[in-house]
Amino acid sequence: MKYILAIILTPTFGGPHNQIFRLNDILKNKGYEYIVLTPDENGTGTKRLKEKGIQVINRDLHRPRKSFNPVTHFRYLANFFSDIQFIQQVIVDYKIDLVQLCGLFNIQGAIAANRSNVPVVWQLLSNFAPKWLRNLLSPVVKDRSNVIMTTGLGIAKEHGDIANFNKLVPFYPPVDCNSFEFNDDKKKIVREYLNVPHDAFLIGTIGNQNRQKAHENLVEICDRFKQKAGKEGVFFRVIGNRTESQRPYYKSNVIERIKAKGLDREGFLTVSEPEFEISDYLSAFDVFLLTSKAEGVPTVILESMASSLPIVTSDVGAISEVVKDKVNGCLYQLDDLDKAVDYLIHHSLNPNDIERIGELNKCEAIEKYDVSECARIHISAFKLAMDQS
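Residues numbered from 1 in each chain as written. Predicted model: local features only at pLDDT ≥ 70, side-chain atom pairs only at ≥ 80, totals over all residues. Heavy atoms only, no water.

## Observations concerning the sheet that holds strand E13 (residues 329-332)
The cut-off we apply is this: At least two DSSP bridges between two strands are required for those strands to pair. In DSSP terms, a helix is any run of H or I states spanning at least four residues, a strand is any run of E spanning at least two, and both are numbered starting from the N terminus. Lines fitted to the C-alpha atoms define the axes, with helices restricted to the stretch that makes contact. Angles between their N-to-C directions range from 0 to 180 degrees. Contacts: residue pairs with any heavy atoms within 4.5 Å of one another.
Pairing in this open sheet of six strands is parallel, and the strands run E10-E9-E8-E11-E12-E13 from one edge to the other. A single partner strand is all that each edge strand has here, and the edge strands are strand E10 (269-272) and E13. Taking each pair of neighbouring strands and ignoring which way they run, the sheet shows an average axis angle of 20°. Bridge analysis of strand E8 (residues 201-206) against strand E9 (residues 234-239) gives six bridges, and the strand direction is parallel. Counterpart to phenylalanine 201 in the pairing with E9 is valine 234. Sitting on the sheet, helix H12 (residues 299-306) is in contact with E8, strand E11 (287-290) and strand E12 (311-314), with an inclination near 170° to E11.

Here it is in structure tokens:
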């Protein structure tokens, strides 16, 4: 058995956790076992991974934060080398064969792996960091990686000259397509819980309550939709786990804006934490709406495709590699929210288009994004990294 240490610097269950959650069983059957190192903070990541039977190590890991508080940055720098030493000890204690770094800011993990002569697969998963910082850190990523994996080629192109790295392996997040079949019984249960009539038109999103998902843009889209088309028979729903460190931002930019615009009246737009499986929510939606200001290729878009849903999404990261404008969904620029509004209005009035696009998306998901294909790519990346070490 080869042991893979995956280092995830965020505590809330998201893309990197979900990827390992989905790949774990297949990779284990192929001789690769994950051990996950993640922050000892409030969040859903550790709990979900442990429920899957994945071994998790918690540590007060430090990472750069978007903050004007100098104490925050001092704490990161002051603990930089102790984090490296801790990771080196984990590599020794758990007989780690390869380190998988999830995210751009995983510098301590890279240094620890290099010092321990263990190969590194560095995954770049989004373009959330400012461009100047991506360009600054890209040479570090190239210098300290045996293999670089990016969620789509577009993300490689947004990190300096990573696209020219000779051991670049683009991939798309894994989806268990068999788990995302439409289920009318689930639709009834979820819609009853969300207080949405069974025959209403439901526009939904699923994403953690943080800056990256830009749910304030969803609030604006919802408000413009109401002004243009009214709200009779239409509902918007946001489903997402809290990100504790971003509660003040989310309250002022999303929750309070919903109330100020009166969008919470009669349940037109609500925000709630998940109580059901993602597949259950997607069975309840008619259209999936994404408003993120930064992404790679979010797993939930591929899951929505597997659920036979049209996609309306901001054109960020590498999303345009899987969503083609006016073919299987709508791509809009962050400064052109009206395009998203008009497309949503069109869908609310043309159910036949929803069915046609949904069938196309289902076929695409099965052919290109199933978990088995993602596992195959990961295994090839792991072998390539170990061959190069």
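So, next bit.
## So, the packing of aromatic side chains
Spelled out, the test is: Only rings of Phe, Tyr and Trp enter the pairing, Trp through its six-membered ring, and a pair is recorded when the two centres are within 6.5 Å. The plane angle decides the type: under 30 degrees is stacked, over 60 is edge-to-face, the rest tilted. Summary of the burial criterion: residues with accessible area below 20% of their type's maximum are buried, those above 50% are exposed, and those between are partly exposed, where the area comes from a 1.4 Å probe applied to protein chains only. Geometrically, a charge over a ring is one whose NZ (Lys) or CZ (Arg) sits within 6 Å of the ring centre while staying within 35 degrees of the ring normal.
Scanning the entire structure with this criterion turns up nine aromatic pairs. Note on tyrosine 172 and tyrosine 369: the rings are 5.4 Å apart at their centroids and 75° apart in plane angle, and the pair reads as edge-to-face. Remark: tyrosine 369 occurs in the loop between helix H14 (351-368) and helix H15 (371-388) and tyrosine 172 occurs in the loop between strand E7 (168-171) and helix H8 (184-194); sequence separation between them is 197 residues. In this structure tyrosine 172 comes out as partly exposed when scored by relative accessible area, which is 24%. For tyrosine 369, a relative accessible area of 3% gives the class buried. Between the aromatic rings of tyrosine 249 and tyrosine 250, the centroid separation amounts to 6.4 Å while the plane-to-plane angle is 70°, which identifies the pairing as edge-to-face. A relative accessible area of 0% means that tyrosine 250 is categorised as buried. Joined through ring pairs, the aromatic side chains of Tyr193, Phe276 and Tyr281 make up one cluster. The ring of phenylalanine 21 has arginine 48 lying over it, and the distance from NZ or CZ to the ring centre is 5.1 Å.

## Re the sheet that holds strand E5 (residues 120-124)
Spatially, E3-E2-E1-E4-E5-E6-E7 is the arrangement adopted by the seven strands of the open sheet, whose pairing is parallel. The open sheet has two free edges, formed respectively by strand E3 (55-59) and E7, since each of these has just one partner strand. In this sheet, adjacent strand axes meet at a mean angle of 20° when their direction is disregarded. Sheet topology note: the strand E1 (residues 2-8)/strand E4 (residues 98-102) ladder contains five bridges and is parallel. Note on E4: the bridge partner recorded for leucine 5 is valine 99. Sitting on the sheet, helix H1 (residues 15-29) is in contact with E1, strand E2 (32-39), E4, E5 and E7, with an inclination near 160° to E2. Strands E5 and strand E6 (147-151) of the sheet are contacted by helix H6 (residues 131-144), whose axis makes an angle of about 150° with E5.

## Examining the pairing of E11
Here E11 shows two buried faces, one formed by Val287 and Leu289 and the other by Phe288 and Leu290. The pairing of E8 with E11 spans two bridges and is parallel. Bridging from a neighbouring strand, glycine 204 pairs with phenylalanine 288 of E11. Relative to E12, E11 runs parallel, the two being bridged by three bridges.

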